[in-house]
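Fold and contact review
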Amino acid sequence: MTTTPSSTPPRGSTAEHARLAQATGLAEDNLFESNPWYEWGPYLSERAWGTVREDYSDSGDAWDFFPHDHARSRAYRWNEDGMAGLSDMHHELCLALALWNGVDPILKERMFGLTGPQGNHGEDVKEYWWYLDGLPSHAWLRWRYHYPQQAFPYQWLIDENARRSRDEPEFELMDTGIFDQGRYWAVDVAYAKASPTEVLVKITIKNHASEEATLSVLPTLWFHNSWQFTGDAAPGLFLDGDGIAVDHPRLAGYRLDAAAADGVRPQALFCDNETNVPRLFGAAAITDYPKDGINDHVIAGANTVNPDQRGTKAAWWYKITVPAQGMAEIRLRLHRPDQIVSPTGGVWSDQYFDEIVASRERDADEFYAALAPDDIGEEQMRVLRQACAGLVWSKQMYPYRVTSWLDGDPGQPLPPPGHRQGRNSGWRHLDSFDVLAMPDPWEYPWFAAWDLAFHTITWAYLDPAFAKYQLLVLLREWFQHPNGALPAYEWNFDDVNPPVHALAAIRVFVIDGGTDFDFLERIFQKLLLNFTWWLNREDPEGKNLFGGGFLGLDNISPLDRSHLPPGVKLDQADGTAWMAYYSVAMLAVAATLAERDSVYDDMVVKFLEQLVLVMDALEASGCYDPTDGFFYDLLTEASGAKGPVEVQTLVGVIPALPAITLPTRNTERVQRLRKRFARRMEASHRQILDWRIRGTGNSRRALVSIVAPERLVRIFATLFDENAFLSPHGLRSISKRHSTPYQVPGMPGATIEYEPAESRTAMYGGNSNWRGPVWFPINYLVIRALLEYDRFFGHEFTIEYPTGSGQHLPLRNIAGDLADRLVSIWLPGPDGRRPVYGGVELLQTDPAWKDNLLFFEYFHGDNGAGLGAMHQTGWTSLVADLLLDPPERVHRMIFYEDTTTASDVSAAATGPAG
């Protein structure tokens, strides 16, 4: 990093902040129309094949309908993909990288990975690339990929993983030995914007081998093929001097200029982004120069590129020979000459190029230096910057009009009945054409509702407007169901995710300074619809005991909670607790809004009342086991027999998470509400819980929660036991004490045991595991809850931590230690090794690999090694929030500050002061 603490600019004063401030306001329908710097961004997916949107099969088998082998030859309907890709905000023109090592059977145009059925632990990408840097305006982006010089072992990876069982680890590309002796290319791509319409591209390649080698580098420009479905005239690309020029109604004038590399000009190749029908389906060709025309020409010399140098897909073909350990550089410029506003007038010289690239990198240095605490260490800054870079690179355009997808396009074959009546058929209103923050650009190139809520927390530091837009857009009429439900994720919009949108909204509001009440009011109104949907749909018996099925925790139960056997009922401890969490978050929003508008007083009452109802229902449910001091799901069998599912998982911890500490004052409203709830409790013979009010005078405060202190202490005693949940790198998802399998009585096959690494069950595809590993979202919520409890009880309240250690700490200190454990996943230990890379020596010790960080989906329950999706800088980017707002330092982890007076009414939910 080039910026030292002494030169740190004030927060909000950097060049990048100025770019973000150019927005003309939060556009009603599309934020990206409001800021010219959003015109070009990393909106290109890294995998469009094998996705639901491209699946028109009768059976709904998306992996089989559009496999990787089709991707190079078949035009996509909804999306596009590529490596190190950019596109315009409308996803009409795309730019990405293709490579060829001279021996592979195909161009490397997209990352290769296994499908869900092919992988012994579900879908899994089999390549190595990193997001090294990124600014939220996309004025600076940097990406790196390591490409083998030997033939890529496509079939070996498929066959070996097919041979392995779920009890064995995945077979990775590195396991083939293909990177031994350094026989690979390091390809570094940097994008630097001189202006919103001028993007400079710097591609640096390094030959890590001990001998000379040749690499074909093909920066590729193409149009998304929308004309085959709309009937509009196709746009065009054509050669114009040293540039590939664009002919398009909206983008006309753009061109991709290419400089010579080592004095040699690249060759321009053109084909059409049309399906190679003869290859895939044995029918007549649409064109002589189909989508894979450049591939076939480069690999085999086929006459499949247009000699007229026109088409809808084009590439500059560089053939570069690099000496052993040597480097080469390629320079390009994507720009619109009539709109260049650069200081030099847009003259493209080496000096101009170098100045812009250096200036944008300095902008990134200044931006992150202004964002971070002044005393942040070098390694912590590396974690922060690369986590945020991954978040920036995970933006993708998400087009999906469900009616067109279900019914088919005009002039196209009618989809089969199973497709029209199958997946997502109840969501015909959904009509997305938005840039969204995706969980992972390859493994999860589609939004997931609760993932997205967590994404926005870190986004609030980088680009608050984008964070707010992400929260609002899922609540707009083209996403939210008319009945109030939020779509869960592409594979099944009907699934239910934990309701964390309100939490994210108030968190984004606070991080952004706590002044945008219009945003808060707008999102509150739409969340009311979703809250009501939860009341009506997930509490079918009207007893304030809520279900929801798997609730985002996949295989955390011995039972598939979304698909129970006939006649079996499950009272979910976490379903009811999530509703309490929702109520607490909505209460916080309502109380904040009531400060400005007394109309919201009624909403404060509503959510206080709902919280009391949920608290009472959970108390009466029997989910809490007083002997174990833990919450369990309750199973009712078809015979009527009832009993707890006695597995200690994070499900039993979630009831302890809904908590907020609010100041109390003697206002007329508080007294009125207090009397009402006091009468109600007395009428029901319930004891007033006077422990919920503490302090005197201006220091009086109220705790809104559903778990009493004595239960809280017992839950935490289990949670912070190193023989149970507490690992060196965070909280496990299931107690380690379940190393001996647990069997649900009377239900053969309903078993569970502690599995610290990859899943050994096929439940939910087997590609994620909540039976032992450390996951960031729940760890994050535990840290937040600890801070809320600490704010109420104060530093004088301590518990033993770790359990059995004899050491007692305040809850804030425990929150800080948990945050440190999570951050340490990426930090070198005393031996110089990063836990995230486990026993992989190349990633631990090689200078070309070890400082390139990956942000995995989840982490080994014992040693912190990364597992699952490799680029999950969706919710794993929460590590940035832990670095920017450390628990031991500030109060931004709370919902809002002590200046709020309307929150006094929280005391009414728990009775008068003792």
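Scroll up for the structure.
Description of the structure in this document.

What counts and what doesn't
- Residues numbered from 1 in each chain as written.
- Predicted model: local features only at pLDDT ≥ 70, side-chain atom pairs only at ≥ 80, totals over all residues.
- Heavy atoms only, no water.
- Axes fitted to C-alpha atoms, helices over the stretch in contact; angles between N-to-C directions.
- Helix = DSSP H or I, 4+ residues; strand = E, 2+ residues; numbered from the N terminus.
- Parallel < 35°, antiparallel > 145°, perpendicular 65-115°, else oblique.
- Left-handed = near helix turned anticlockwise from the far one by under 90°.
- Contact = heavy atoms within 4.5 Å.
- Pairing = 2+ DSSP bridges.
- Buried < 20%, exposed > 50% of the residue type's maximum accessible area, 1.4 Å probe, protein only.
- Phe/Tyr/Trp six-rings, centres within 6.5 Å; stacked < 30°, edge-to-face > 60°.
- Lys NZ or Arg CZ within 6 Å of the ring centre and 35° of its normal.

Observations regarding the packing of helix α16 (residues 573-594) against helix α17 (residues 601-621)
Between two packed helices, the angle of one axis relative to the other and the distance separating the axes together describe the packing. Interaxial distance between α16 and α17 falls to 8 Å at its minimum, and their mutual angle equals 160°. The orientation of α16 with respect to α17, classified from their angle, is roughly antiparallel. Regarding α16 and α17, the two cross each other, and that crossing is left-handed. Within the contact between the two elements, α16 uses Thr576, Met579, Ala580, Ser583, Val584, Met586, Leu587, Ala590, Ala591 and Ala594 and α17 uses Asp601, Met603, Val604, Phe607, Leu608, Gln610, Leu611, Val614 and Leu618.

Re the sheet that holds strand β23 (residues 634-636)
Within the open sheet, the three strands sit side by side as β20-β23-β24. Their pairing is antiparallel. Single-partner strands in this sheet number two, and they are β20 (569-571) and β24 (642-644). Looking at each pair of strands side by side, their axes are set apart by 20° on average, direction ignored. Where β20 and β23 come together, three bridges link them in antiparallel fashion.

Regarding the pairing of strand β13 (residues 255-258)
Burial along β13 is two-sided: the residues Arg255 and Asp257 and Leu256 and Ala258 are all buried. Strand direction decides the pairing type here: strand β12 (residues 243-247) and β13, joined by three bridges, are antiparallel. Among the inter-strand pairings, isoleucine 244 is bridged to a residue of β13, identified as leucine 256.

A word on the sheet that holds strand β14 (residues 267-271)
The antiparallel open sheet is built from six strands, whose spatial order is β1-β2-β3-β10-β16-β14. Of all the strands in the sheet, just β1 (40-41) and β14 have a single pairing partner and so form its edges. One ladder, built from eight bridges, connects strand β10 (residues 213-223) with strand β16 (residues 313-322); its direction is antiparallel. If you follow serine 216 over to β16, its bridge partner there is lysine 319.

Examining the packing of aromatic side chains
Going through the model one piece at a time under the given rule, you end up with 59 aromatic pairs. Between tryptophan 450 and tryptophan 578, the ring centres sit 6.3 Å apart and the planes meet at 80°, which makes this aromatic pair edge-to-face. Residue tryptophan 450 is located in helix α12 (residues 449-462), and its partner tryptophan 578 is located in helix α16; the two are separated by 128 residues in the primary sequence. The class of tryptophan 578 is buried, set by a relative accessible area of 0%. Consider the rings of tryptophan 533 and tryptophan 534, whose centres lie 6.1 Å apart with planes at 85°: the pair is edge-to-face. Taken together, the ring pairs connect Tyr56, Trp78, Tyr398, Tyr400, Trp405, Trp427, Phe447, Phe479 and Phe493 into an aromatic cluster. Over the ring of tryptophan 49 we find arginine 47; its NZ or CZ atom is 5.7 Å from the centre of that ring. It is lysine 468 that lies over the ring of phenylalanine 519; its NZ or CZ is 5.8 Å from the centre.

Keep in mind that these numbers describe shape and distance, not what the molecule does.
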